[in-house]
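Structure assessment
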Amino acid sequence: MSAGTYAPRPAAAPLSRMIAAQAALETRMLLRNGEQLLLTVIIPTLLLVLFSAVDIVDTGAGRSVDFLTPGVLALAVMSTAFTGQAIATGFERRYGVLKRLGASPLPRWALMTAKTLSVLVTEVLQVVLLTVIAFALGWSPHGNPLAVVLLLVLGTAAFSGLGLLMAGTLRAEATLAAANLVFLLLLVGGGVIVPLDKFPDAAQSVLGLLPISALSNGLRDILQHGAGMPWGDLGVLAAWAVLGLGAAAKFFRWE
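Let us look at the structure shown here. Note that this is a predicted model, so its numbers are computed, not measured. (Residues numbered from 1 in each chain as written. Predicted model: local features only at pLDDT ≥ 70, side-chain atom pairs only at ≥ 80, totals over all residues. Heavy atoms only, no water.)

This part covers the layout of surface pockets. Empty space within the largest pocket amounts to approximately 480 Å³. Contributing to the lining of the largest pocket are 22 residues, with Asn-33, Gln-36, Gly-84, Ile-87 and Ala-88 lying nearest its centre. Among the elements of the structure, helix 1 (15-32), helix 2 (34-53), helix 3 (64-94), helix 5 (108-136) and helix 7 (172-189) are those that each provide at least two residues to the lining of the largest pocket. With eight residues, the top contributor of residues to the lining of the largest pocket is helix 3. Its residues assigned to classes, the lining of the largest pocket shows 10 nonpolar, eight polar and four charged. Of the voids in this model, the second largest pocket is the one considered here, and its volume is about 310 Å³. Per-element accounting of the lining of the second largest pocket gives the leading share, five residues, to helix 5. (1 Å grid on protein atoms, 1.4 Å probe; cavity = no way out; pocket = protein on both sides within 12 Å on 5 of 7 lines; lining within 4 Å. Points joined across faces, edges and corners; volume = space filled by probe spheres on them. Helix = DSSP H or I, 4+ residues; strand = E, 2+ residues; numbered from the N terminus. Nonpolar A, V, L, I, M, F, W, Y, C, P; charged D, E, K, R; others polar.)

Structural data, given as structure tokens:
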């Protein structure tokens, strides 16, 4: 039997097509998951509307929505790239989904790439929704859009690495508990809703090094105050991205 008898050829699809198909599947699964949708979309939206409408926290001079919107955008990135991804990947690992996908023609690094693309698509939808709501509440942003994009991309890389590290090293139940606990702690202590200057000086120096603090402060400096490129915050996020992704690549267990 000569070569070329079979049509279509019995071979794997091109790598780019496999990654795109897996990313589309991951995105649909994420958007159909009610619990993750609550975490990634509804909670940030409710926080933005509630704290902008009700004077619960002293956000300093100016309108509350101008302070809150950058922090809620940072929270949306964390909820998707870290909390949601850690929980979903942890249970996929427990149920053997990752093991089976690892035996498919899709390389493992390509699977992680597809998951990252899914996170980015979801974040774009989140940012659009939150931006529309913020404008409806009277938000007036300033600054360089390129700097905003750089912060969001580096923040996604940092939180994605930490989420994959947690999902690949802990049991699924432990990941579920730890990811939600970290989400709540960083919501309170990461400058999202409560300004960091409300904390003691010693705590501020430590909290300022957290990725959520760097992301929320960097976005706030640009969007609220019209500052230039926040190199310090970008450096903090880049360091967390390198550490998180490097540790995840080294210690992630597929079974």
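From this point on, the discussion continues.
On to the packing of aromatic side chains, then. Here the structure, examined in full by the defined rule, presents two aromatic pairs. Between Phe-91 and Tyr-95, the ring centres sit 6.0 Å apart and the planes meet at 40 degrees, which makes this aromatic pair tilted. Both rings, one in Phe-135 and one in Trp-139, keep their centres 5.4 Å apart while their planes meet at 40 degrees; by these two values the pair is tilted. Under the relative-accessibility criterion, Phe-135 is labelled partly exposed at 46%. A relative accessible area of 7% places Trp-139 in the buried class. Its end group placed over the ring of Phe-67, Arg-220 keeps NZ or CZ at 3.8 Å from the ring centre. (Phe/Tyr/Trp six-rings, centres within 6.5 Å; stacked < 30°, edge-to-face > 60°. Buried < 20%, exposed > 50% of the residue type's maximum accessible area, 1.4 Å probe, protein only. Lys NZ or Arg CZ within 6 Å of the ring centre and 35° of its normal.)

Counted according to the given criterion, the structure contains five salt bridges. Here Asp-66 makes a salt bridge to Arg-63, at a shortest N to O gap of 3.4 Å. With its nearest N and O atoms 3.4 Å apart, the salt bridge here joins Glu-173 to Arg-171. One salt-bridge network, in which partners are shared between bridges, spans Glu-26, Glu-92 and Lys-115. (Salt bridge = Lys/Arg side-chain N within 4 Å of Asp/Glu carboxyl O.)

Among the surface-exposed residues, Leu-31, Leu-37, Val-121 and Leu-125 lie close enough to one another that they form a single nonpolar patch of about 300 Å² accessible area. With respect to the helices, strands and loops of the structure, Leu-37 is situated in helix 2. A residue is classified by how much of its surface remains accessible, and Leu-37, at 30% relative accessible area, is partly exposed. (Patch = residues over 30% accessible without salt bridge, like charges linked within 9 Å, V, L, I, M, F, W, Y side chains within 5 Å. Areas by Shrake-Rupley, 256 points an atom, 1.4 Å probe, with all protein chains shown as cover.)

Among the secondary structure elements, Thr-59 is positioned in the loop between helix 2 and helix 3. Expressed as a C-alpha distance, the spacing of Thr-59 and Leu-73, which sit 14 residues apart in the sequence, is 16 Å. Not counting residues within four places of it along the chain, the set of residues in contact with Thr-59 comprises Ser-64, Phe-67, Leu-68, Ile-193 and Pro-195. (Contact = heavy atoms within 4.5 Å.)

As a further point, take the side chain of Thr-27. Tracing the chain through its elements places Thr-27 in helix 1. Residue classification places Thr-27 among the buried positions, given a relative accessible area of 10%. When sequence neighbours within four positions are dropped, the list of residues in contact with Thr-27 reads Ser-118, Val-121 and Thr-122.

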